[in-house]
Amino acid sequence: MPFVNTEGNYFDGSLVCRGESFYPINYYAYYPYVENAVPSTTVSAILPSEQTAPFDESANYMVANIVSAKYDESDMPLVTFDFNNQLMSIVKVTVTNSDAEYAAQELLGVSMEATGGQTLAGHFQFDITSPTSAPLFSTTPAEVFTTVSSTFPEASRPTLGLNVPHSLYLLVNPITVPALKLVVKTTDYAFVVTTSTSTVFEKGKVVSLPVIDVKGKAPQRRIRQCVLWGDSITSNAGYPTSAQGILGPDWEVIGAGIGGDSPLGIAGRQGGIPLCLNMGFTIPASNTDPAVKIGVPYSTKNSSNASSPSSLGATSAQRYVANAGGRINPCVIKFKDGDQDVEIEGSVAYNASGWWDFTRTTSGAQVDVPAGATFLSYGARAYKDADVIVIYMGANGGYSGINNGYTALAAFYQQMKDYTTQKKAVIMGFHMGYIKFPNESEKTYWTTEYRDIMQDTFGSNFLDLKSEMTKVTGGTEVPEEKYAAAYNLLIETGRYTIGQAMTAADIDALSKGYWPQSFASTSNYSDVHFNTYGAKAMAILVKRKMKELGYLDY
């Protein structure tokens, strides 16, 4: 039964028996209480990988000594427990700073990784009848963590200052690790420290690591950018919102999805395949002069990836500026005047007659712009240096079910990846095998040929959404085991509660190559779009891929 601290070292709880025991019985106690634990001498618990600095008491699992005493309902004896058996090892990390440049930085916390892949936290079990026994951690990869972090609450973050020691503690699995990587996080920076010597984490002992002085450690940018490019699948507000929550405060997530956009439009907004303006016009000298008509955006490629300007049309022109996901303004019109590069910054607005109007940001000389000038969106300039880009596209623009279109589509993805400075990308594949809209013929999206082309082109950067969700684990007839990947995501997103049986609709959808019905925005398979749970599931899979690729590491 759970008990609570009432005063000093005294605890109150509820214990119901009948009458009086004639012989002493054993009393067991542990802390913290596991709310959903089944009454048993073996307790299943979770040591969190994200702990609260400077010391997280709620993660400090302890087992008391065994107390032998009688039970008397009318005259209960005082039962005294000694919580002197700590299950975990306590790692003390002390951070200081001797560089005036960092003195005003706030210390956010520290993370520690076992670089050899050893388990530092996660699911474990312990036996309350054997207080001195070591915790037994899970061997299932999804249930354990090789990284543990300790983070100060926002209201209590200390300032680094000069030569001031700041100590915080990490509770970890009592094991031996051959090497560690520690990351000290401050307001703007991440400082990485590695150890090459073996470290022994002893059960119930405090292990003090060498003091870390951030001076001389090469600082890295702490807050990194992840830009989510795509069409309507990525324009669901729940997708970037979920990705931001899942990736956490060390990441700035930018939503750049526009419903109905084609790969040429997406790559154009991103900069990988530049957009151009196929009419000539004159930009007035003053930024207060009337806006000038500049036409509609063209891609410099066509749908077969040939260098032949292809109009994106008035609909795209309207959507790009009407939706923040377009990442269009402020934009730049760029062209060559002899040997000189001319760039004029401004903003575009959609004209009801079906074109863009351009207004320059600052006044200057009147400029005659020739036909074919390059159009650079805000996103193409501001997010070229993004740490990671994530792309989903191809359902619009005639690429679904066209075999030779898959090759062009892969090339578009590649040009977007190559355009970025960091060259770090998650290439998302179709999540549906096929779809039939009302009053339309069936369209094929994902095929094995498509998968092979994308896999051959991008290797581990390819995130095959359909295969990840619909894969079958073994030949079991139990749906929750057969479709374990989907089932676990249904729980992780909060769509299912733990132990809930899969619905017939979800089982049917998975058997047909769809994502679960519970992730769809409609109930009759007439729409490829996600609801908020499906958007969160996609964000979870993106983070997993980023972790696999090492993008989450400093």
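In this report, the structure presented in the accompanying data block is examined. Numbering of residues starts from 1 in every chain and runs along the sequence as written. Local features in this predicted model are restricted to residues of pLDDT 70 or higher, and side-chain atom pairs are both shown and tallied only at a pLDDT of 80 or more, whereas totals for entire chains, interfaces and linings draw on every residue. Hydrogen atoms and water are omitted, and side-chain values are computed over all heavy atoms in the structure.

Turning our attention to the nonpolar core. Counting residues in hydrophobic clusters, the biggest one holds 97 residues, and the most contacted among them are Ile333 and Met428. Only heavy atoms enter the contact rule, under which two residues are in contact if any of them lie within 4.5 Å. With near-sequence residues (within four places) excluded, Met428 lies in contact with Tyr239, Val390, Ile391, Tyr392, Tyr413, Tyr450, Phe462, Leu463, Leu465, Met538 and Val542. Throughout, nonpolar core names a set of buried Ala, Val, Leu, Ile, Met, Phe, Trp, Tyr and Cys residues whose side chains join them through atoms within 4.5 Å. Note on classification: 1.4 Å probe, protein chains only; a residue is buried when its accessible area is under 20% of the maximum for its type, exposed when over 50%, partly exposed between these limits. In terms of nonpolar packing, the next biggest core, distinct from the first, is built from 44 residues, Ala53, Ala121, Val177 and Ile212 among them.

In this model, Tyr31 is joined to Pro32 through a cis peptide bond whose omega is -5°. Only runs of H or I of at least four residues qualify as helices and only runs of E of at least two qualify as strands under DSSP, and these elements are numbered from the N terminus. Examined against the element boundaries, Pro32 turns out to sit in the loop between strand 4 (30-31) and strand 5 (42-47). Look at the link from Asn329 to Pro330: it is a cis peptide, with omega at -5°. Inspection of the secondary structure puts Pro330 in the loop between helix 4 (313-322) and strand 31 (331-337). One non-glycine residue, Arg327, lies in positive phi territory at about 55°. Summarising the element assignment, Arg327 is placed in the loop between helix 4 and strand 31. Assessed through its relative accessible area of 23%, Arg327 is described here as partly exposed.

Below, the discussion takes up helix 3 (residues 263-270). Burial runs high along helix 3: eight of the eight residues are buried. When we look at burial in helix 3, the residues that qualify are Pro263, Leu264, Gly265, Ile266, Ala267, Gly268, Arg269 and Gln270. Of the residues one or two after helix 3, Gly271 is the one with positive phi, at around 110°.

Before going further, it helps to spend a moment on the side chain of Gln105. Structurally, Gln105 is set in the loop between strand 10 (89-96) and strand 11 (107-114). Within polar-contact distance, the side chain of Gln105 engages the backbone nitrogen of Thr187 at 3.2 Å. Aside from chain neighbours lying at most four places away, what touches Gln105 is Pro158, Thr159, Leu160, Thr186, Thr187, Asp188 and Tyr189. Identification of polar contacts relies on pairs of N or O atoms within 3.5 Å, with a donor-acceptor requirement for protein atoms, meaning one able to donate a hydrogen and the other able to accept it, and with residues adjacent in sequence counted only if both atoms are side-chain atoms.

Below, the discussion takes up the packing of helix 6 (residues 403-419) against helix 7 (residues 448-458). For every element, the axis is a line fit to its C-alpha atoms; helices are fit only across the contacting stretch, and the angle between N-to-C directions ranges from 0 to 180 degrees. Close contact between helix 6 and helix 7 brings their axes to 10 Å; oriented N to C, the two are set at 30°. In terms of orientation, helix 6 lies roughly parallel with respect to helix 7. The two elements helix 6 and helix 7 meet at a crossing, and its hand is right-handed. For the pair helix 6 and helix 7, the contacting residues are Asn403, Tyr406, Thr407, Leu409, Ala410, Tyr413 and Gln414 in the first and Glu449, Tyr450, Ile453, Met454, Thr457 and Phe458 in the second. All amino acids are sorted into three groups, where Ala, Val, Leu, Ile, Met, Phe, Trp, Tyr, Cys and Pro are nonpolar, Asp, Glu, Lys and Arg are charged, and the leftover types, Gly among them, are polar. Residues that form the contact of helix 6 with helix 7 fall into these classes: eight nonpolar, four polar and one charged. Relative orientations are named as follows: roughly parallel for angles under 35 degrees, roughly antiparallel for angles over 145 degrees, roughly perpendicular for angles from 65 to 115 degrees, and oblique for any other angle. Crossings are assigned a handedness: left-handed for a near helix turned anticlockwise from the far helix by less than a right angle, right-handed for a clockwise turn.

With their axes 8 Å apart at the nearest point, helix 2 (residues 238-247) and helix 12 (residues 532-548) run at an angle of 45° to one another. Comparing the axis directions of helix 2 and helix 12 gives the class oblique. Our pair here, helix 2 against helix 12, has a crossing hand that is right-handed. Facing Gly238, Tyr239, Ser242, Ala243, Ile246 and Leu247 of helix 2, the residues of helix 12 in contact are Ala535, Lys536, Met538, Ala539, Ile540, Val542, Lys543 and Met546. Residues of the contact of helix 2 with helix 12, tallied by class, amount to 10 nonpolar, two polar and two charged.

Turning our eyes to something else, we now look at the pattern of salt bridges. Note on definitions: salt bridges are taken to be side-chain nitrogens of Lys or Arg within 4 Å of carboxyl oxygens of Asp or Glu. As enumerated under the stated definition, the model contains 14 salt bridges in all. Among the ionic pairs, Glu202 bridges to Lys205, the shortest N-O distance being 3.8 Å. For Glu202, a relative accessible area of 41% translates into the label partly exposed. Residue Lys205 is classed as partly exposed on the basis of its relative accessible area of 44%. The shortest N-O distance in the salt bridge between Lys471 and Glu468 comes to 3.7 Å. A relative accessible area of 38% places Lys471 in the partly exposed class. Owing to a relative accessible area of 30%, Glu468 belongs among the partly exposed residues under this scheme. Connected through shared salt-bridge partners, Lys185, Arg222 and Asp250 make up one network.

Attention now goes to the sheet that holds strand 35 (residues 373-376). On the basis of which strands lie adjacent, the open sheet formed by eight strands has the order 28-33-32-31-35-26-29-30 and antiparallel pairing. Of all the strands in the sheet, just strand 28 (292-295) and strand 30 (310-311) have a single pairing partner and so form its edges. Note: strand 31 against strand 35, three bridges, orientation antiparallel. Across the sheet, the residue bridging to Val332 is Leu376, located in strand 35. Across the sheet, helix 4 lies against strand 29 (297-299), strand 30, strand 32 (340-351) and strand 33 (355-360), angled at about 90° from strand 32, the strand it touches most. Should DSSP find at least two bridges between two strands, the strands are regarded as paired.

Before going further, it helps to spend a moment on the pairing of strand 33. Inspection of the sheet shows strand 28 paired to strand 33 by three bridges, in the antiparallel sense. Bridge pairing in strand 33 places Lys293 opposite Asp357. In this sheet, strand 33 lies alongside strand 32 in antiparallel orientation, the contact comprising six bridges. What sits directly across from Asn351, in strand 33, is Trp355.

Moving on, we come to the sheet that holds strand 9 (residues 85-86). Strand order across the open sheet formed by three strands is 4-7-9, with antiparallel pairing between neighbours. Looking along the sheet, the strands with just one partner apiece sit at the ends: strand 4 and strand 9.

Before going further, it helps to examine the pairing of strand 32. The pairing of strand 31 with strand 32 spans seven bridges and is classified as antiparallel. Looking across to strand 32, one finds that Lys336 is bridged to Asp341. Where strand 31 folds back on strand 32, the antiparallel hairpin that results is connected by two residues, among which Gly338 adopts a positive phi of roughly 70°. The hairpin turn running from strand 32 into strand 33, its antiparallel successor, is three residues long, and Gly354 in that turn takes a positive phi close to 105°.

Here the focus is the environment of Leu277. Structurally, the position occupied by Leu277 is in strand 26 (residues 275-277). Once the C-alpha coordinates of Leu277 and Val296 are considered, the two residues, 19 residues apart in sequence, prove to be 6.7 Å apart. Leu277 has contacts with Ile294, Val296, Pro297, Ile333, Ala371, Gly372, Ala373 and Phe375, leaving out every residue within four places of it along the chain.

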